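Reading the structure
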Number of protein chains: 2
Amino acid sequence: MVDSLFKVKFMPSGRAVTVAAGASLSLAAHEAGLEVDSSCGSRGKCGKCCARVIEGNVSEPTAAEKTLFSDEELRLGRVLLCQRTVLGNCTVEIDQVRSAEDACLFHKEIFLKPPEKIDSPFSKIHLELSPPTVEDPKADLERALEPLRRDVKVDLDLTPSIPRILRKSGFKTTLVLFQEELIGIEPGDTTTEAYGIAFDIGTTTVAGYLVDLVTGRVLSSASAANRQARHGADVVSRITYAGQKPEHVHEMQVLVADTVASLIDRLLTECHTHIEHIYGMVFTGNTVMMHFLLATSPGNIATAPFAPVFTRSLSGKATHLGLRNLPPHTRFITLPNIAGYVGADTVSVMLATRIYERPGNWLAIDIGTNGEVVLSANGRLLTCSTAAGPAFEGGCISQGMRAVPGAVYKVDFKENPICSVIGDAEASGLCGSGLLDAVSEMVKFDILHRSGRIQNPDQWPASLDGSLRERIEITETGSRFVLVNGKKKVAVTQKDIREVQLAKGAIRAGIEILLKEAGITASDLDGVMLAGAFGSNLRPESIQGIGMLPDVPTKIITPVGNAAGAGAVMALLSKGDLDLASSLASRAEHIELSLSKDFQRTFLTAIDFGKGAGSWELEHSREDKP
Amino acid sequence: MVDSLFKVKFMPSGRAVTVAAGASLSLAAHEAGLEVDSSCGSRGKCGKCCARVIEGNVSEPTAAEKTLFSDEELRLGRVLLCQRTVLGNCTVEIDQVRSAEDACLFHKEIFLKPPEKIDSPFSKIHLELSPPTVEDPKADLERALEPLRRDVKVDLDLTPSIPRILRKSGFKTTLVLFQEELIGIEPGDTTTEAYGIAFDIGTTTVAGYLVDLVTGRVLSSASAANRQARHGADVVSRITYAGQKPEHVHEMQVLVADTVASLIDRLLTECHTHIEHIYGMVFTGNTVMMHFLLATSPGNIATAPFAPVFTRSLSGKATHLGLRNLPPHTRFITLPNIAGYVGADTVSVMLATRIYERPGNWLAIDIGTNGEVVLSANGRLLTCSTAAGPAFEGGCISQGMRAVPGAVYKVDFKENPICSVIGDAEASGLCGSGLLDAVSEMVKFDILHRSGRIQNPDQWPASLDGSLRERIEITETGSRFVLVNGKKKVAVTQKDIREVQLAKGAIRAGIEILLKEAGITASDLDGVMLAGAFGSNLRPESIQGIGMLPDVPTKIITPVGNAAGAGAVMALLSKGDLDLASSLASRAEHIELSLSKDFQRTFLTAIDFGKGAGSWELEHSREDKP
């Protein structure tokens, strides 16, 4: 039986694809190059893939949709893309669904100065050789390698083309080396054309940086949602999915490789760089992402003792990753990981911030879906990972979105309007920094109890302004605070506040445990660095306002940008930094929080918005609506 | 248009294949696994692929066939396989055509004692590891590599299977290393199962040796005709063919790889060895063969300054050679070459004979299609290559054949009968040793003039026995000496004698030039080693009888077997020997005979069968019939 094929058209982009009958609308959207947010793993729980079928034939509403939408909404065509299957040609209007291209906003700035000295593991050497003669009949390869005065391995793919390349260029040639291996031999002098790409594979976002290996400049950067997101928002959901069937590990590899391939296309197009001149790639990311990249199951990371398959730096041909658009000479390196939940991204942060050599005591916090904390103190490098969740990236938040036009990115109750929105757009949701500001302001204005509960009217402080009072909606189905009451209401719900609380509590607890392990207190800290594309955009005042950090002066808090990506760029430009990555990974001491006796107690204190010990535990059970 | 397909059946084996209309009978024979001798490069000149079409439809006789066969023979179905194409189902009887299996006779003896100490570049280490715990949550790979206490590269293909292998074996595992790379990880203790194969890729014959890497024993050996032979008998014809079209280089690679693959099958079947336990292969052979093996054009070796593409030792995955029946972990190494015409086989001979460390002055001669000469004298290692041609392997000889049943392998005019034949068979041709004996006896009995000419009756010595006189046939179309006058006449022709003369002359000239370069004479030699599967089977007395060697006592001449193959086995069993191969290749001084001012003069003297200076040049033009 031949499957029927139907056309699915997405508005407003007008992109259309043909899919088999029975395919899900999410699959169709993915095929159309549209990034669908599937934070809940396509279970119809998160409502992020909400859209509207304008015309055509799709499957009936599911129970999940009936819970989320009213009958009227369903009648008007409201659907969750993950819940419906295609039964005929149809047209679907998407609103919240973002195209992959939109997500790059945060990485446009070039955050790195070129290093003073470039000593990339990918190098080129131009040679003007003498042709063979009766007196000197040396083999072509030996002739080309002789000037190196050292033994290198030779990629066997090269030997067939060597004689032609040398003769057509009059024995003027450029050798391409990756560490101690000859990976290319080119006619003439091509030493000015050498590029590499550094990738930071985040659970939520993948960022790529196109680097000129000659000048050391980052020429372009781009980011895209990690296509694995359709199988869950956090690493644990992804591990669960991958563990269901052996072929799921392969699928996860293909999804991340596809994300990387699309970024490569964008980076090269933007800079008019020829793909033949891409010689190397450096990948950083958390341990689970590094496993998926190498088609290796991270299954054992999910349960104690959380043993990964590998932590070391590995390297190979780009074709091994299924990146078939790259030339056969392109090599890749994965940076080393420290433990199951402290990955190469943390090593990159150490590298980029030079935290290991800073005098005094320094803290670096990489805020992503996992929050990794590094403490350099008393000559020790202590690390831990906290399950912050995707709240700061807009995930698991009712109206959360990435920092794209329409997102509330700043909230200040003393301003009018209280919200700032990215771009010249109507507010349609809020991104991480907006959320954090909002919660911080609600704490400051005593709208929130220290436990995190939105206070009942009888508990509101007398000083609370009337315009703010109006924004607080106390209902049976859950309280919320309305930030924008425009065309679309944008609000922070009690549940959103709980997500923020859990996230900041986890990070705070991690910090406290590392400080204790190092035998210092917060007052001994000389600096706190906030890393991560998202973390760097959070306002230090708000971070302190919600108590994510211990009590330190605001002036010692510095956002450092996507330090993980910066570290990968550094490894691409310096053999020394690449080697250093491995020695830092070995040197780092990893504290496994889930096994720490102190963690539970510390965490219960840390989620509190007040200064005292945890009252949350006492109050939590009776106050929140589901 | 769909091509018509026809069935071609070969007798007496009964093997049948289906080929497209228009395919040559040689191709059909190859497809049927039958080795067709195409010494002339399928030009219909050598007559070696003679067969008979019993029934069916093939193309008309060609001009080449009409020259070789009488009308009567053609009427009876006589064909050259290379000249006819298939036009319908047919049955072909082959006589001279040998199956690949027949060619192995000469390698059955195990010529090597296991080395005292085995230190193969392919090694296994059994480890009993502790499983990860909360106190020791190290990654699987780091856990497995820790006991090595050194840094090794890791084959990326391994990471996906590591967690399963470790857990299913209770963390009892065996690591497989190729030099400093982890190429395998196996459950349990598999250290007793480790095999490798050494190959000597000769222009005419490919020999393989299955080696137990644990005991060092050669378990089995086999040889087969190099399938490239269909494109010419010597390296120059092969280079010419490969140069005609770019895809011909690829074809030559496939042909040698197919030959290797068929040998692997035979070796493994014979020893019931599982292919999964083949970890490494070492290849030796002449420089041109090493180029074809790596799909690299040896085109520039054909003309001065004879520059190869590479001489160094190279290594890679067996899959790179298209040997897809081997597991992905199998690696190969090619031994280093010295120059365009002095290849890895010569380095192997040096290694196997330990000529470099022998006190005094030693000569080693590897007699194959090229005759390589090595002289170790006064601390120098001098080498040269001589274009001996395939005469000693039965090539270019009118009734030449390999040393298989039916071949005259020994000739002694004082015996009765004068010929010894291999196996319980009627004589059907003569192999290299038989040819050499015959020529040597003809020289000894003054049947040949010192110039190589078969003497006219008026010049025969009075002492010449009547039974020998009867064997000399002087005709207008060329004189010959009949060795066997049985069911089939086996004779040595004047042209055959010229081939022997050119071959021995080339080798003798090479020896003289090396001796002169070293500043010694033949009387300074402490030993002469005859290497090569064929060379070793030539009788020292006959070798001296034809003057291939300078005047040295017979007792210092030692046949050493296929030293090239033995050297490859040694490299497979010892890292030290593998490294030594590279240093010997660098240390060897190569004398390019074609550029030597003395060569022509020395050669003209050397082809003479007498003791004096060359009379050949004077007599040659007027005495031989074509």
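Criteria and cut-off values
- Residues numbered from 1 in each chain as written.
- Chains lettered and ligands numbered in written order.
- Predicted model: local features only at pLDDT ≥ 70, side-chain atom pairs only at ≥ 80, totals over all residues.
- Least-squares fit on C-alpha atoms with pLDDT ≥ 70 in both.
- Contact = placed C-beta atoms within 7 Å.
- Axes fitted to C-alpha atoms, helices over the stretch in contact; angles between N-to-C directions.
- Helix = DSSP H or I, 4+ residues; strand = E, 2+ residues; numbered from the N terminus.
- Parallel < 35°, antiparallel > 145°, perpendicular 65-115°, else oblique.
- Left-handed = near helix turned anticlockwise from the far one by under 90°.
- Nonpolar A, V, L, I, M, F, W, Y, C, P; charged D, E, K, R; others polar.
- Pairing = 2+ DSSP bridges.
- Expected span 1.5 Å × (residues − 1).
- Buried ≥ 20, exposed ≤ 12 C-beta atoms within 10 Å, placed from the backbone.
- Domains from an automatic or database assignment.

Mapping chain B onto chain A calls for a screw motion: a turn of 180° about the axis and a shift of 0.1 Å along it, with 0.1 Å RMSD after fitting. Those values place the two copies in the arrangement expected of a two-fold rotation axis. Scanning chain B for the C-alpha nearest the rotation axis identifies B:K153, at a separation of 6.4 Å. By residue overlap, the copies meet face to face through one surface: 100% of the interface positions of chain B are interface positions in chain A.

Okay, the packing of helix 9 (residues 344–353) of chain A against helix 15 (residues 575–587) of chain A next. All names here are of chain A. Packing of helix 9 against helix 15 leaves a shortest axis separation of 10 Å and a crossing angle of 120°. When the axis of helix 9 is compared with that of helix 15, the two are oblique. Here helix 9 runs over helix 15; the crossing is right-handed. Of helix 15, the residues touching helix 9 (which contributes V347, M350 and L351) are D577, L580, A581, L584 and A585. Here the contact of helix 9 with helix 15 is composed, by residue class, of seven nonpolar, no polar and one charged.

Next up on the list: the interface of chain B and chain A. Contacts between the two partners involve 36 residues from chain B, matched on the other side by 37 residues from chain A. Listed by contribution, the elements that provide at least two residues to the side of chain B that touches chain A are helix 4 (140–145), helix 5 (162–168) and strand 16 (314–317) of chain B. The dominant element in the side of chain B that touches chain A, judged by the number of residues it contributes, is helix 4 of chain B, at three residues. Its residues assigned to classes, the side of chain B that touches chain A comprises 22 nonpolar, 10 polar and four charged.

Residues and elements named next belong to chain A. Reading across from one edge, 24-25-26 is the order of the three strands in this open sheet, with antiparallel pairing throughout. The outermost strands of the open sheet, each flanked by one partner alone, are strand 24 (472–473) and strand 26 (489–493). Here strand 25 (residues 480–485) pairs with strand 26 via five bridges, running antiparallel. In the strand pairing of strand 26, V482 is matched with A491. Set on the sheet, helix 12 (residues 494–518) makes contact with strand 25 and strand 26; between it and strand 26 the angle comes to about 55°.

A few words on helix 7 (residues 246–271) of chain A. Within an α-helix, residues lying three or four positions from one another point in the same direction, as the helix has 3.6 residues per turn. Residue and element names in this part refer to chain A. An ideal rise of 1.5 Å per residue puts 38 Å on 26 residues; helix 7 measures up with 39 Å between its terminal C-alpha atoms. Those residues of helix 7 lying buried are V249, M252, Q253, V256, T259, V260, L263, I264, R266, L267 and L268. Along its buried surface, helix 7 packs onto strand 12 (195–201), strand 13 (205–212), strand 14 (218–225), helix 6 (235–244) and helix 8 (287–293).

The omega angle of the peptide bond from A:N416 to A:P417 is 0°, so this bond is cis rather than trans. A cis amide bond links B:A304 to the next residue, B:P305, at an omega of 5°. With respect to the secondary-structure elements, B:P305 resides in the loop between helix 8 (287–293) and strand 16. Its identity as a non-glycine residue notwithstanding, B:R354 has a phi of 55°, on the positive side. For B:R354, the location among the structural elements is in the loop between helix 9 (344–353) and strand 18 (362–367). For B:R354, a count of 13 C-beta atoms within 10 Å corresponds to the partly exposed category.

Further remarks concern the domain arrangement of chain A. For chain A, the assigned domains are domain 1 (5–96), domain 2 (122–187), domain 3 (196–334), domain 4 (354–389 + 502–606) and domain 5 (391–499). A separation of 40 Å is found between the C-alpha centroids of domain 1 of chain A and domain 4 of chain A.

What follows covers the sheet that holds strand 25 (residues 480–485) of chain B. Residues and elements named next belong to chain B. With antiparallel pairing, the three strands of this open sheet are ordered in space as 24-25-26. The open sheet has two edge strands with one neighbour each: strand 24 (472–473) and strand 26 (489–493). Judged from the two bridges that link them, strand 24 and strand 25 form a sheet pairing that is antiparallel. Across the sheet, residue I472 finds its bridge partner in strand 25, namely F481. This element, helix 12 (residues 494–518), spans strand 25 and strand 26 of the sheet and lies at about 55° to strand 26.

Residue and element names in this part refer to chain B. You can see N57 is positioned in strand 4 (residues 50–58). Residue N57 is classed as exposed on the basis of its 12 C-beta neighbours within 10 Å. As for N57 and K245, which are separated by 188 residues in sequence, their C-alpha atoms are 31 Å apart. If near-sequence neighbours (up to four positions away) are discounted, N57 is found in contact with L87, G88 and C90.

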